[in-house]
Structures are given as structure tokens and as C-alpha cells.
Amino acid sequence: RSQPEADGGCGGLSASAAEALKLGRGSGVSGGGRRAAAAPNMHSLATAAPVPTALAQVDREKIYQWINELSSPETRENALLELSKKRESVPDLAPMLWHSFGTIAALLQEIVNIYPSINPPTLTAHQSNRVCNALALLQCVASHPETRSAFLAAHIPLFLYPFLHTVSKTRPFEYLRLTSLGVIGALVKTDEQEVINFLLTTEIIPLCLRIMESGSELSKTVATFILQKILLDDTGLAYICQTYERFSHVAMILGKMVLQLSKEPSARLLKHVVRCYLRLSDNPRAREALRQCLPDQLKDTTFAQVLKDDTTTKRWLAQLVKNLQEGQVTDPRGIPLPPQ
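Residue indices follow the written sequence of each chain, beginning from 1 at its first position. Where totals are concerned, whole chains, interfaces and linings use all residues; where local detail is concerned, this predicted model gives features only for residues with pLDDT of at least 70, and gives and counts side-chain atom pairs only at 80 or more. As a convention, hydrogens and water are excluded, and side-chain values are obtained from all of the structure's heavy atoms.

Section: the nonpolar core
- To qualify as a nonpolar core, a set must consist of buried Ala, Val, Leu, Ile, Met, Phe, Trp, Tyr and Cys residues joined through side-chain atoms within 4.5 Å. Only protein chains enter the accessibility calculation, which uses a 1.4 Å probe. A residue is then buried if its area is under 20% of the maximum for its type, exposed if over 50%, and partly exposed in between. Among the nonpolar cores identified, the biggest contains 92 residues, and Ile204, Ile226 and Leu280 are the most heavily contacted of them.
- Each helix is a run of H or I in the DSSP string that is no shorter than four residues. Each strand is a run of E no shorter than two, and both are numbered from the N terminus. With nine residues, the single largest contributor to this core is helix H7 (residues 125-143).
- All the domain ranges listed were derived from an automatic or database domain assignment. If you count residues domain by domain, this core takes at least three from each of domain 1 (61-190) and domain 2 (204-325).
- With sequence-adjacent residues up to four places away left out, Leu280 is seen in contact with Leu231, Leu237, Ile240, Cys241, Phe247, Val250, Leu254, Ala286, Arg287 and Leu290. A contact between two residues is defined here by any heavy atoms of the two lying within 4.5 Å.

So, in C-alpha cells, the structure goes:
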């Protein structure tokens, strides 16, 4: 059958992109949005109208069939599309995918198959949509408590990092980056130490910082959400504030974002930026440095209009300013100065 995804409107691509965006809503502590990333919403399933047993069984058989069809290159594309649309209505889809023979290998094959289209950047809308459907299923696996640890132990997120390295502004690449960020966002949304420990051994922080500097608003939002979740973990905060180079890179990108937001306001993106600054101010060494480099736009009324209805962000911003004003005694350990 013909694939209607070329415009990104019918397949799993646009849905995955939308769910990646949901990761960046709200405070980032409890997530936000109606559904939790690609993970099934157990509450909505529990309160939904009961499904007739016969229909449920038919649907279940179709799920089994599509999972089997993932192993065959001839039937894989349609199976990816159908499963990506069903992933929120099947609570145990992630374990089914993980434990079925050859399924994860087939999903990884979909990812690896488009590596040659990254450089030079020749990725088409159809290719992008197909791989985004595969990424949506991996996001489902990343979100599920029964499969998350194995997902990390297999280092599967590393297969997505080449997509985060891309810089092409075309729509296929933008959707690819956004959906890849959605998989990482689904991991950090769980607030599990295991996830943060894994990510800190990878290059996710510089990758997110680059997207925060030059990506689209949607990608910036999810990338900033990921950084925020890393910072909210004590290990992540200590890691970023451990050296001058790490802290200064984060502070520089956040500063650039504030400057850009003063010209092109985005309340949801500003929310995550402020939360990152506030969390950095919890570290004594970072707090001392922020007294010198916090953008003036966060100290004056630049964002008053943007935040007029956002009491949470206004409270965070007030707390940030208060933190930097209190106890201005230099920490003798201070953040190491760069070489002279």
C-alpha cells in the first residue's frame, strides 16, 4: 500500500514529534501533557470504556502478527506504522517487543540503514517517517519499567546519537532529531538514578547544548528538558559543576538562549531555562559564578509580559535572584578559573 507519510501527517512521525514536545511541558519534574511520552497512560486505560473481549482478542492477534512482520524486510514498513499507532493502547507492548525474537535487531537495522543518508544530508521525508516509527517503538521500550534497564544495558541510546549530531534544518532531519530526543526524554522522565548514571557516561550533555543553541523551538524545548532533568539529579548537578569547562559551556548556552528568548519569546522554553539556572544556583560553586554571569534580562522586567500568567516560573525566577543575593561569601573552593 502507498505510504501517506511524506508530509509527516499520517504516520507515527508527527505523533512521535508531538510526544517529544510533551516531555518539555510543565515543570519537567512531573512531566506534563495528557500522556507520558510514548509510555501507555495506565490511568486513562483503567478509566476507559471496557473493550469487548472478542475485539480485544482480535486486536491482540494483530499486534502479534505485526511484531512477527517486523522481522521481514518485505512487511516491516507497514508493521512499524501500525505498531507505532497502537503503542499507547497496549500496556505490555514494550516487553512484547523486547522479548520477541529479532524485533529489537530489526528496529536497530532501521536506524543503521539511514546512517548513509546523514552525511551528505540526503534524508527524504519517507525515510525520516519510517525511522521515526521505529524510534517511537524504542521510546515505548525506554519508557517501560520492565524493559528500561535492559534497554540501557544494551547501550541502545547510543544508536540515536548520530541523529542528534545532524545540523540540517530540513523537515525530515528536524523530525528525526525531535523524535530521537523524545526517546532520551522518555528515559530521563522516569527520575531514575540508573538513567542519569548512564547518560553521564555518554556525550548527551554537549549534544543537547548544541541543539539548545541552534535547533528549532521544539527541539530546544526537549533538549533543555533533558538537561534540566540531569541537573535535578544530585549526581548530574555535581558532574556539570565539577569543572570550569563544563559549567561555563552550560552557562554560555543558557545565556545565549535568554538573549534569543528576549527577541523571540517562548514561555515554555523560558520555563525550562529558568529551572536550569535555579538548579545550578543550588551548587555553592556555581552560585558564586552565576553572580557574575546571570543575564541581565533575568534580573529586570524583560520577561514580565511573557510570564504574567506563569506563577511557577515567576516563583522560580524570584528564588533564583534571591539565591544569588544571599550569602555572597566566596566559596574558597570556587569553580576553578580557566588557565591564564
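Describing the packing of helix H16 (residues 267-280) against helix H18 (residues 311-325)
- For every element, the axis is a line fit to its C-alpha atoms; helices are fit only across the contacting stretch, and the angle between N-to-C directions ranges from 0 to 180 degrees. Two numbers describe how H16 lies on H18: the axes approach to 9 Å, and their chain directions differ by 30°. Taken together, the axes of H16 and H18 are roughly parallel relative to one another. As H16 runs across H18, the sense of the crossing is left-handed. Residue-level inspection shows Lys271, Val274, Arg275, Tyr277 and Leu278 of H16 in contact with H18, the latter providing Thr312, Thr313, Trp316, Leu317, Gln319, Leu320 and Asn323. These descriptions rest on fixed angle ranges, namely under 35 degrees for roughly parallel, over 145 for roughly antiparallel, 65 to 115 for roughly perpendicular, and the rest for oblique. Left-handed describes a crossing in which the near helix is turned anticlockwise from the far one by less than a right angle; the clockwise case is right-handed.

Some remarks on helix H10 (residues 171-188)
- With 18 residues, H10 ought to run about 26 Å at 1.5 Å a step, and its terminal C-alpha atoms sit 26 Å apart, in line with that.
- Counting buried positions along H10 gives 17 out of 18 residues, so the element sits mostly inside the fold. Each residue after the first adds 1.5 Å to the expected span of a helix.

Digging into the packing of helix H12 (residues 204-214) against helix H15 (residues 244-263)
- Running from amino to carboxyl end, H12 crosses H15 at an angle of 20°, the nearest separation of the two axes being 9 Å. In terms of orientation, H12 and H15 fall into the roughly parallel class. For the pair H12 and H15, the crossing hand works out as left-handed. Mapping the contact onto sequence places Leu209, Met212 and Glu213 in H12 and His249, Val250, Ile253, Leu254, Lys256 and Met257 in H15.
- Charged residues are taken to be Asp, Glu, Lys and Arg, nonpolar residues to be Ala, Val, Leu, Ile, Met, Phe, Trp, Tyr, Cys and Pro, and polar residues to be all remaining types, Gly included. For the contact of H12 with H15, the per-class residue count stands at six nonpolar, one polar and two charged.

A short note on unusual backbone geometry
- Omega for the bond connecting Asn119 with Pro120 falls within 30 degrees of zero, at 0°, which places this linkage in the cis form.
- By secondary structure assignment, the location of Pro120 is in the loop between helix H6 (103-113) and H7.
- The backbone of His155 sits at a positive phi, close to 60°, despite the residue not being glycine.
- For His155, a relative accessible area of 39% corresponds to the partly exposed category.
- Phi at Asp191 takes a positive value of approximately 55°, unusual for a residue other than glycine.
- With respect to the helices, strands and loops of the structure, Asp191 is situated in the loop between H10 and helix H11 (193-199).

Re helix H17 (residues 284-293)
- Burial in H17 covers these residues: Ala286, Glu288, Ala289, Leu290 and Arg291.
- Each element contacted by the buried residues of H17 is listed here: H15, H16 and H18.

A closer look at the side chain of Glu69
- Tracing the backbone shows Glu69 in helix H3 (residues 53-69).
- For the purpose of counting charges, residues Lys and Arg are taken to be positive, whereas Asp and Glu are taken to be negative. His and the chain ends are not included. Just to be clear on terms, a salt bridge is a Lys or Arg side-chain nitrogen sitting within 4 Å of an Asp or Glu carboxyl oxygen. Despite its burial, Glu69 pairs with no opposite charge, the nearest such side chain being Lys62 at 6.3 Å.
- Excluding anything up to four places from it in sequence, Glu69 contacts Thr75, Arg76 and Ala79.

As for the confidence of the model for the chain
- Note on scores: pLDDT gives the predictor's confidence for each residue, bounded by 0 and 100. Across the chain, the average pLDDT comes to 85, with 79% of residues at 70 or higher.
- For the chain, the element scoring lowest by mean pLDDT is helix H2 (residues 42-47), at 30; helix H9 (residues 161-164) scores highest, at 98.
- Within the model, pLDDT remains below 50 along residues 24-52, and this stretch shows 58 contacts once partners closer than five positions in the same chain are excluded.

Concerning the environment of Leu231
- With respect to the helices, strands and loops of the structure, Leu231 is situated in helix H13 (residues 217-232).
- Here Leu231 falls in the buried class, since its relative accessible area comes to 0%.
- Counting along the chain gives 45 residues from Leu231 to Cys276, while the straight-line C-alpha distance between them is 6.9 Å.

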